[in-house]
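Geometric and topological summary
Residues per chain, in single letters:
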Amino acid sequence: MLVNMAMTADGKIATANRAVSSFGSARDHEHLLELRTTADAVMAGARTVDSNPINLGPGPARFRRQRLKRGLAEYNLRVIVSGSGSINPRAEVFKHRFSPIIILTSQRMSASSRRRLRPLVDEIKICGQREINFRFAVRWLREQWGVKRLLCEGGGELNDALFRAGLVDELHLTVCPRIFGGRGAPTIVDGLGAASLPATTLLSLKSARRVGDEMFLVHTVAPRGT
Ligand SMILES: NC(=O)c1ccc[n+]([C@@H]2O[C@H](COP(=O)([O-])OP(=O)(O)OC[C@H]3O[C@@H](n4cnc5c(N)ncnc54)[C@H](OP(=O)(O)O)[C@@H]3O)[C@@H](O)[C@H]2O)c1
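Now for a description of the structure that goes with this document. (Residues numbered from 1 in each chain as written. Predicted model: local features only at pLDDT ≥ 70, side-chain atom pairs only at ≥ 80, totals over all residues. Heavy atoms only, no water.)

In this model, Gly-154 is joined to Gly-155 through a cis peptide bond whose omega is 0°. With respect to the helices and strands, the residue Gly-155 is situated in the loop between strand S6 (150–152) and helix H6 (156–164). If you check the backbone angles, Arg-18 has positive phi at about 65° while not being a glycine. Structurally, the position occupied by Arg-18 is in the loop between strand S1 (2–8) and helix H1 (26–36). With a phi angle near 60°, Leu-56 is a residue other than glycine that sits in the positive phi range. Positionally, Leu-56 belongs in the loop between helix H2 (46–50) and helix H3 (61–69). Overall, the relative accessible area of 0% leaves Leu-56 in the buried class. (Helix = DSSP H or I, 4+ residues; strand = E, 2+ residues; numbered from the N terminus. Buried < 20%, exposed > 50% of the residue type's maximum accessible area, 1.4 Å probe, protein only.)

Structure representation (structure tokens):
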């Protein structure tokens with residue numbers, strides 16, 4: 001699994017009031033679409049999906065052609081994580097029906113949320129009682145939907161669960177030349193975080209490329225216990 005994020009030089013992915021969350025260059029947006037051409041599915045958390053006008057799709061025809069050349073479906077599958085079903089049914093993503101949308105949730109999702117969301121998506125999968133079991137979810141996505149390469153695009157809460165579960169293989173990070181500040185501003189990995197050094201995620205820098213004032217970093221995640 002890959003995680004792709006753009007962050008400010010102080011590690012933020014949005015301002016504290018969440019008003020600004022798109023701040024990368026046109027090159028960074030191109031990079032996001034290029035990565036999507038390599039993935040069977042693109043995944044994001046409920047707050048990322050319902051606070052941005054995004055559709056999680058492959059974008060213009062030239063990117064779809066790259067997918068076909070790679071032997072992938074023209075349109076990637078879309079996966080939204082919403083443990084309580086709080087996602088807004090009027091989110092932009094639901095207005096585009098070019099490929100299946102799957103919601104990963106838990107038994108905390110109420111019957112009324114399920115009724116509201118069911119007509120908008122292709123499947124709602126319960127992957128745990130209170131917490132989502134992402135190991136189970138990833139296996140299920142592979143077996144039921146043929147997802148071999150999964151690209152996660154945040155936000156920080158979802159990323160944290162994926163890193164803690166040891167499911168991330170590679171982190172693509174664009175460091176943008178801005179400082180947002182703000183104690184409450186989300187970062188690339190929020191949630192619970194690690195409680196001790198052995199529980200932290202160790203990275204190895206695979207590549208670093210400067211384009212203008214942005215740095216495009218690729219880290220591989222070291223196996224646990226190294
Ligand atoms: N700069 C970037 O590259 C970038 C990328 C992505 C997002 N962003 C920004 O980051 C902010 C969103 O980040 P965020 O961390 O607040 O939200 P997030 O991770 O996108 O979404 C959080 C929601 O997703 C669900 N979720 C996430 N992890 C879960 C888990 N382990 N188990 C069950 N449900 C889980 C929950 O939905 P329920 O409440 O329904 O349970 C939770 O409330 C937005 O401002 C967004 O625009 C920036």
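Text resumes after the structure shown.
What follows deals with the site of the ligand. For the ligand, the set of nearby residues contains 28 residues, the closest of which are Arg-18, Thr-48, Ser-82, Ser-84 and Ser-86. Residue Ser-21 places a side-chain N or O atom 2.9 Å away from an oxygen atom belonging to the ligand. Within the backbone of Leu-158, one N or O atom sits 3.0 Å away from an oxygen atom of the ligand. Isolated, the ligand exposes 910 Å² of accessible area, and the fraction of that covered by the protein chains is 88%. Mapped onto the shell around the ligand, the elements with two or more residues apiece are S1, H2 and H6. No other element matches H6, which puts four residues into the shell around the ligand. (Near = heavy atom within 4 Å. Polar contact = N/O pair within 3.5 Å; in protein donor to acceptor, adjacent residues only side chain to side chain. Areas by Shrake-Rupley, 256 points an atom, 1.4 Å probe, with all protein chains shown as cover.)

For the rest of this paragraph, the subject is the sheet that holds strand S5 (residues 123–126). One open sheet holds the nine strands; their spatial order is S5-S4-S3-S2-S6-S1-S7-S9-S8, and the pairing between them is mixed. With partners counted over all chains shown, the strands left at the sheet margins are S5 and strand S8 (203–211), one partner each. Averaged over all pairs of adjacent strands, the angle between their axes in this sheet comes to 20°, without regard to strand direction. Pairing analysis gives seven bridges linking S1 to strand S7 (residues 170–176), with the strands arranged parallel. Of the residues in S7, the one forming a bridge with Met-5 is Leu-173. Across the sheet, H1 is in contact with S1, strand S2 (41–45), S6, S7, S8 and strand S9 (214–221); its angle to S1 comes to roughly 170°. Relative to strand S4 (residues 101–105), helix H5 (residues 134–145) is tilted by about 155°, and along the sheet it contacts strand S3 (77–81), S4, S5 and S6. (Pairing = 2+ DSSP bridges. Axes fitted to C-alpha atoms, helices over the stretch in contact; angles between N-to-C directions. Contact = heavy atoms within 4.5 Å.)

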